[in-house]
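Geometric and topological summary
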2 protein chains.
Amino acid sequence: MKNPSADKRDQKTRKILEQARFRVIEAIAQNINLYGVTPSVGRLYGTMYFQEEPMTLDQMQEALGMSKTSMSTGVRNLLELKMVKKTWRKGVRKDLYEVEPDWYQTFIDFFCLKWRKGIDLNVQSMKKSVDDLQKLLQQPDLSEDDRETIRTDLNKLYEALAYYEWLDKLVDSLETEEIFEFIPKPIPRKVE
Amino acid sequence: MKNPSADKRDQKTRKILEQARFRVIEAIAQNINLYGVTPSVGRLYGTMYFQEEPMTLDQMQEALGMSKTSMSTGVRNLLELKMVKKTWRKGVRKDLYEVEPDWYQTFIDFFCLKWRKGIDLNVQSMKKSVDDLQKLLQQPDLSEDDRETIRTDLNKLYEALAYYEWLDKLVDSLETEEIFEFIPKPIPRKVE
DNA sequence: CAATTCGTACAGTTTTAACTGTACATAAAT
DNA sequence: ATTTATGTACAGTTAAAACTGTACGAATTG
């Protein structure tokens, strides 16, 4: 039996629910944009976050009103960041993707990936420059000015290298999850 | 008395020194670019990093071969990130800038600034959405499907909020430097 | 073996961000 | 008070990126 007033109420409910999601999705998109991920890709992530089932590219296109190509590159982007993963489901031909639901893990993956990249990059070039400067210092007949410049540069590099050593240990403590002994995870509230 | 061969050697020394700096500056620029700072601004920072004395906008322009306007906006950029600070020197009319030499501090300022921004943004919108959904759940005659959707959304938000609580504590431990009790700073090497 | 479906490479377009030069407000120097 | 120096707002330009549509190869289906 039809009930028009209940229908109307349901519609309102859905609208509030949609708005509640939309608000959070936008915040997520804006936030992640601080770290070089475009808002579009952030919205894609946010949309998938609230989806119970894994999504196909077509569903993403439908949900965001963007081209399939963009969905494809966007999802690859998120894959590289380990924020989503590819799934498989029997009888479904299309590729399926779902978000990594654990935000601690996402945080760790996201920053450790970047930090490691930075550590490698910088440590490598710094060590090379340290080497060059050390050799230069060996020269017996350097002007005192040059010698002093080299010394200060070297000390700066030594300090920077120590910093990267520290950062590397921080990355380790995140990846091994030892960090949670120092800063424990709070227990989340649960509905009902 | 002139000594041409010594001059030549000095020149070579300077070149190696310059290359040693350049290599590191490029690495710094590339690294910071991972976090949404343009390579140009990264190079500006790197250049200032190796400068013993505070720099003026004109010196930066000279050093990087870019417009003074770019130096002005670039330096403001770095100021906001607390990576450089404005200095003053008696008798010097121009504005002077120098890098924050402590990379631990720079790391802390840089990430805590961003993280806090993200925390505020997300927690605010999430709390609002949680509120909306909780009110929705009060409704006595919800369809079971809708009720279930709301429940799962709420639980996701509760988990996310717990995560942000954790992140907030991480930020605290960085800003109070308690983190260094957990992960101590290694002692840097010193020249000579 | 067609015929169909799917995902992505690629070229072209649009949008956004970076950069420059000029012009001007502010402050210092004469 | 006038001149000179300094930093930045702003408009315009150039460079980069985000995005789209088409085309095509790989895989699947009939």
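See above for the structure.
Basis of the calculations
- Residues numbered from 1 in each chain as written.
- Chains lettered and ligands numbered in written order.
- Predicted model: local features only at pLDDT ≥ 70, side-chain atom pairs only at ≥ 80, totals over all residues.
- Heavy atoms only, no water.
- Helix = DSSP H or I, 4+ residues; strand = E, 2+ residues; numbered from the N terminus.
- Contact = heavy atoms within 4.5 Å.
- Areas by Shrake-Rupley, 256 points an atom, 1.4 Å probe, with all protein chains shown as cover.
- Lys, Arg positive; Asp, Glu negative; His and termini not counted.
- Charge placed at Lys NZ, Arg CZ, Asp CG, Glu CD.
- Salt bridge = Lys/Arg side-chain N within 4 Å of Asp/Glu carboxyl O.
- Buried < 20%, exposed > 50% of the residue type's maximum accessible area, 1.4 Å probe, protein only.
- Near = heavy atom within 4 Å.
- Polar contact = N/O pair within 3.5 Å; in protein donor to acceptor, adjacent residues only side chain to side chain.
- Nonpolar A, V, L, I, M, F, W, Y, C, P; charged D, E, K, R; others polar.
- Phe/Tyr/Trp six-rings, centres within 6.5 Å; stacked < 30°, edge-to-face > 60°.
- Lys NZ or Arg CZ within 6 Å of the ring centre and 35° of its normal.
- Least-squares fit on C-alpha atoms with pLDDT ≥ 70 in both.

Here we come to the overall build of chain A. Within chain A, the regular secondary structure consists of seven helices and two strands. N-terminal to C-terminal, the α/β element order of chain A is α-α-α-α-β-β-α-α-α. The dimensions of chain A, computed from C-alpha atoms along their principal axes, are 100 × 40 × 35 Å. Within chain A, contacts between residues at least 6 apart in sequence are counted, and of these 56% link residues at least 24 apart. Within the structure as shown, chain A displays about 10700 Å² of accessible surface, and the carbon and sulfur contribution to it stands at 50%. Separation of charge centres in chain A, based on 31 positive and 32 negative side chains, amounts to 12 Å.

If you walk through the whole model with that rule in mind, you get 30 salt bridges over all chains. Put simply, Glu175(A) and Arg116(A) hold a salt bridge, and the shortest N to O gap is 2.8 Å. Of this pair, Glu175(A) sits in helix α6 (residues 144–175) while Arg116(A) sits in helix α5 (residues 103–138), and the two are 59 residues apart along the sequence. Overall, Arg116(A) belongs to the partly exposed group, its relative accessible area being 28%. Between Arg151(B) and Glu144(B) there is a salt bridge, with its nearest N and O atoms 3.9 Å apart. In the salt-bridge network here, residues are joined through shared partners; they are Arg116(A), Asp168(A), Asp172(A) and Glu175(A).

Before going further, it helps to examine the protein's contact with DNA strand D. Neighbouring DNA strand D are 15 residues; Ser40(A), Ser70(A), Ser72(B), Lys94(B) and Asp95(B) lie closest to it. The sugar-phosphate share of atoms of DNA strand D within 4 Å of the protein amounts to 73%. With respect to DNA strand D, the side chain of Ser70(A) contributes an N or O atom lying 2.8 Å from a phosphate oxygen. A distance of 2.4 Å is found between a phosphate oxygen of DNA strand D and a side-chain nitrogen or oxygen belonging to Ser72(B). Within the residue set of the surface near DNA strand D, elements represented by two or more residues are α4 (68–80) of chain A together with α4 (68–80) of chain B. Looking at the surface near DNA strand D element by element, the count peaks at four residues for α4(B). The class makeup of the residues in the surface near DNA strand D is two nonpolar, seven polar and six charged.

By the definition in use, this model includes 43 aromatic pairs over all chains. Each ring, one from Tyr49(B) and one from Phe50(B), has its centre 5.2 Å from the other, and the planes form 70°; the classification is edge-to-face. Judged on exposure class, the residue Tyr49(B) and its partner Phe50(B) are both buried. Positioned above the aromatic ring of Phe180(A) is the side chain of Lys185(A), whose terminal nitrogen or guanidinium carbon lies 4.6 Å from the ring centre. The ring of Tyr49(A) has Lys156(B) lying over it, and the distance from NZ or CZ to the ring centre is 5.6 Å.

Attention now moves to the relation of the copies chain A and chain B. Superposing chain A onto chain B takes a rotation of 180° combined with a translation of 0.0 Å along the rotation axis, leaving an RMSD of 0.1 Å. Here the transformation between the copies is reduced to the relation of a two-fold axis. Most of the interface of chain A is mirrored in chain B: 100% of its interface residues are interface residues there too.

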